[in-house]
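Results of the structural survey
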Amino acid sequence: MKHLLSIESLSAEEIAHIVELSAEMKATRGRHAAHPLRHQCWALIFSKSSTRTRVSFEVGIRELGGDVMFLSAVDIQLGRGEPIQDTARVMGRMLHGAVIRTFAQSDVEQFAKFSGIPTINALTDDEHPCQILADLFTIKEKLGGYEGKTICFVGDGACNVPRSWMWAAAKCNFQLNIAAPRNFQPDAGLLASLDSDNVHVFENVETAARGADVLYTDVWVSMGKESESTFRIAQLGGYQINREMLRHAAPDALVMHCLPAYREKEITGEVFERHAQTIFDQAENRLHAQKAVLSLLAK
Ligand code: CP
Ligand code: NVA
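Read on for an overview of the structure. (Residues numbered from 1 in each chain as written. Chains lettered and ligands numbered in written order. Predicted model: local features only at pLDDT ≥ 70, side-chain atom pairs only at ≥ 80, totals over all residues. Heavy atoms only, no water.)

Once that is clear, we can look at the site of ligand 2. Near ligand 2, the surroundings consist of L123, C159, N160, D218, V219, S222, M223 and L259. Between ligand 2 and N160 there is a distance of 2.7 Å, counted from a nitrogen atom to a side-chain nitrogen or oxygen. Taken by itself ligand 2 offers 270 Å² of open surface, and the protein chains cover 95% of this. Given that more than half its atoms are within 2 Å of the pocket grid, ligand 2 belongs to the largest pocket. Along the lines of polarity and charge, the residues of the shell around ligand 2 split into five nonpolar, two polar and one charged. (Near = heavy atom within 4 Å. Polar contact = N/O pair within 3.5 Å; in protein donor to acceptor, adjacent residues only side chain to side chain. Areas by Shrake-Rupley, 256 points an atom, 1.4 Å probe, with all protein chains shown as cover. 1 Å grid on protein atoms, 1.4 Å probe; cavity = no way out; pocket = protein on both sides within 12 Å on 5 of 7 lines; lining within 4 Å. Sits in = over half its atoms within 2 Å of the grid points. Nonpolar A, V, L, I, M, F, W, Y, C, P; charged D, E, K, R; others polar.)

Dropping the structure here:
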């Protein structure tokens, strides 16, 4: 594995290996035998806000022996129009790896190509691979595995997080039910390219949630979509994790949220607090899963 650009580009075996390594990273935190990023300097280049991804990468890189710098895209020449290819060629000569959060998936791919250094997608409009790897690890930790399970995603079914979930379901052996209103369902082209029977899209929340082992949601208004806020909140109104939805899921179903959470929008405050242990374990697991990825990418 040279980069982590998407779940789409990983195999089921690579995903399973990262999940296994995440457990090892978690179990040996503070006493790792190896520090594969020693003498390395990595950069985080972010064009969008972040709490979890930024902190977990900054801590994770340091815990693996590396040095890290945070670069807000608006503070470097990229923000004044320097092409991504030139930014990548400069950084590739100085840094050992890059973690990028931006809008276009093609920017992360171009950076990987032109820099020649390991490049990690820390969220684009198309995918959030680090999130889904940590989530699969969390599901394995709590349910013993993700294979054979049914995961129900409710909310904006067309944004980055469900898109990465779709690729994970297509590759790994689990079912993904997406509950979303028509305007926010994954596009037909993507569904066709998955070439998988593991992904089902529903307008009806109850049908999608029936018997699910995991109920999962994400914000209704993703970063970059703020101008659509009013429309999105009106359209997505019924697509919420609440007590009623939980009644249709398997008994003891996990409730997961990638965070940040907006109470009484995509999840009720009551259900969120009742499942806070899982949700914050999920957030913590970002650190362990990303350390697994970093250790595999470190040369
Ligand atoms: N879930 C997630 O990626 O959170 P941040 O946007 O805070 O990094
Ligand atoms: N879909 C959300 C994920 C946040 C972690 C966004 O892109 O803003």
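A full pass over the atoms with the stated rule returns 16 salt bridges. A salt bridge links E63 to K291; the shortest N-O distance between them is 2.6 Å. Of this pair, E63 sits in helix α2 (residues 52–63) while K291 sits in helix α12 (residues 276–297), and the two are 228 residues apart along the sequence. What makes K291 buried here is its relative accessible area of 0%. The salt bridge partner of E273 is R263, with a shortest N-O separation of 3.1 Å. Of this pair, E273 sits in helix α11 (residues 269–274) while R263 sits in the loop between β9 (254–257) and α11, and the two are 10 residues apart along the sequence. Taken together, the salt bridges that share partners define one network made up of R29, E63 and K291. (Salt bridge = Lys/Arg side-chain N within 4 Å of Asp/Glu carboxyl O. Helix = DSSP H or I, 4+ residues; strand = E, 2+ residues; numbered from the N terminus. Buried < 20%, exposed > 50% of the residue type's maximum accessible area, 1.4 Å probe, protein only.)

So, on to the sheet that holds strand β6 (residues 175–179). Backbone-to-backbone hydrogen bonds join strands into a sheet, with any given pair of strands oriented parallel or antiparallel. Spatial strand order, β7-β6-β5-β8-β9: five strands in an open sheet with parallel pairing. The sheet is open, and its two edges are formed by β7 (199–202) and β9, each paired on a single side. On average, each strand axis in the sheet is inclined to that of its neighbour by 20°, with strand direction left out of account. Sheet topology places β6 next to β7; four bridges connect them, and they run parallel. Bridge assignment links N177 to a residue of β7, and that residue is H200. Set on the sheet, helix α5 (residues 129–143) makes contact with β5 (150–154), β8 (214–217) and β9; between it and β9 the angle comes to about 160°. Relative to β6, helix α6 (residues 160–171) is tilted by about 155°, and along the sheet it contacts β5, β6, β7 and β8. (Pairing = 2+ DSSP bridges. Axes fitted to C-alpha atoms, helices over the stretch in contact; angles between N-to-C directions. Contact = heavy atoms within 4.5 Å.)

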